Amino acid sequence: MNGTARPPADGGTPPAGNGTTARRRGRPPRAESADTRDRILAAARAEFSERGYEKTSVRGIAKAAGVDSALVHHYFGTKDQIFEAAIEVAFAPALNAPNALADGPLDGVGERLTRFIFGVWDNPTTRTPLLAIVRSAVNNETAAAVFRRLVAAQLLRRVAAQVDLPDAELRAELAAAQLVGAAMMRYVIKLEPLASADLEQIIARVAPVVQGHLTNP
């Protein structure tokens, strides 16, 4: 005997040396798919939050998720698509903003929407991923395009659909610009005294402007 394994007597394929069935690289069993996808998405959100769009790589996301890069591409495609999927989950709380429009009389819509949006920003749990989104969008045009597409499709058009006045989309965009601009100055740039001002004071001053954009003739 020279130590070389002999083929089976029936001429079939020899068994794997480790006694297990070989698995295609990068593809988990079907039962693990949902868990693996969620793990990749969580890793992507963390990477984009910590590093921003430009410094995040598919390889880095794969490493953080404990999978290979081919599996990341399998579930999400390109880096742009991974970013969009990651921010859609992080942006989900803000997508409930149109509900604030419908929940009450029209003459209070500015305050309701302003209070809702600043509530999302003021909560540390929802603020952290929003900061990563905004910073990525400001510093990279590709990330900005993804952000614009998401905001336009899932937020502004839904707000505009509830504004029964001419130029509804423009009105919704102006209201959003007022809210996003104020939030960026307070939470991203941290311009004083806005950054340290009482939240109720900010809402009292911003809400009438938002109200005017949405409802004034």
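Owing to the predicted nature of the structure, the values given are computational and were not obtained by experimental measurement. (Residues numbered from 1 in each chain as written. Predicted model: local features only at pLDDT ≥ 70, side-chain atom pairs only at ≥ 80, totals over all residues. Heavy atoms only, no water.)

Student: Looking at this structure, I do not really get the overall build of the protein chain. What am I missing?
Tutor: A count of helical and extended segments in the protein chain gives 10 helices and 0 strands. Secondary structure of the protein chain in N-to-C order comes out as α-α-α-α-α-α-α-α-α-α. Counting all 217 residues of the protein chain, 40% fall into the buried class. Look at the contacts in the protein chain between residues 6 or more apart in sequence, and 67% of them connect residues 24 or more apart. (Helix = DSSP H or I, 4+ residues; strand = E, 2+ residues; numbered from the N terminus. Buried < 20%, exposed > 50% of the residue type's maximum accessible area, 1.4 Å probe, protein only. Contact = heavy atoms within 4.5 Å.)

Student: Please explain the side chain of Arg171 as it appears in this structure.
Tutor: Here Arg171 is to be found in helix α9 (residues 168-188). One buried charged residue, Arg171, forms no salt bridge at all, with the nearest opposite charge on Asp167 at 5.8 Å. For Arg171, the residues in contact, after removing those within four places along its chain, are Val163, Leu165, Pro166, Gly212, His213, Leu214, Thr215, Asn216 and Pro217. (Lys, Arg positive; Asp, Glu negative; His and termini not counted. Salt bridge = Lys/Arg side-chain N within 4 Å of Asp/Glu carboxyl O.)

Student: Would you mind going over the confidence of the model for the protein chain with me for this structure?
Tutor: For any part of a model where pLDDT is low, the fine detail of the predicted coordinates should not be relied upon. Here the protein chain shows a mean pLDDT of 79. Residues at 70 or above account for 80%. A low-confidence stretch, residues 7-26 (pLDDT under 50), is modelled with 6 contacts involving residues beyond four sequence positions or located in other chains. (pLDDT = per-residue confidence, 0-100.)

Student: Just checking my understanding: could you explain the nonpolar core for this structure?
Tutor: When a protein is soluble and globular, its nonpolar side chains tend to lie buried together. With 60 residues, the main nonpolar core has Ile40, Phe48, Ile82, Phe91, Trp121 and Leu214 as its most contacted residues. If one sorts the elements of this core by residue count, helix α8 (residues 141-161) sits on top with 10 residues. (Core = buried A, V, L, I, M, F, W, Y, C linked by side-chain atoms within 4.5 Å.)

Student: Hey, could you run me through α9 in this one?
Tutor: An α-helix turns once per 3.6 residues; consequently, residues spaced three or four apart project the same way. A rise of 1.5 Å per residue sets the reference length of α9, with its 21 residues, at 30 Å; its end C-alpha atoms lie 29 Å apart and thus fit the reference within 8%. Along α9, the residues classified as buried are Ala168, Arg171, Ala172, Ala175, Ala176, Leu179, Ala182, Ala183, Arg186 and Tyr187. Along the axis of α9, the buried residues cluster in a sector spanning 135°; they form a single face. Once α9 ends, the next one or two residues include Lys190, with phi positive near 60°. (Expected span 1.5 Å × (residues − 1). Arc of directions from axis to C-beta.)

Student: Teacher, can you tell me more about the packing of aromatic side chains here?
Tutor: Per the counting criterion, the structure on display carries 6 aromatic pairs. Aromatic pair Tyr53 and Phe83: ring centres 5.2 Å apart, planes at 85°, arrangement edge-to-face. Within this pair, whereas Tyr53 is found in helix α1 (residues 33-55), its partner Phe83 is found in helix α4 (residues 79-90), the two being separated by 30 residues in sequence. A relative accessible area of 7% means that Tyr53 is categorised as buried. Residue classification places Phe83 among the buried residues on the basis of a relative accessible area of 1%. Judged by centre distance (5.6 Å) and plane angle (10°), the ring pair of Trp121 and Tyr187 falls under stacked. Highlighted residues: Trp121 in helix α6 (residues 109-122) and Tyr187 in helix α9, separated in sequence by 66 residues. Summarising the burial analysis for this pair, Trp121 and Tyr187 share the class buried. (Phe/Tyr/Trp six-rings, centres within 6.5 Å; stacked < 30°, edge-to-face > 60°.)

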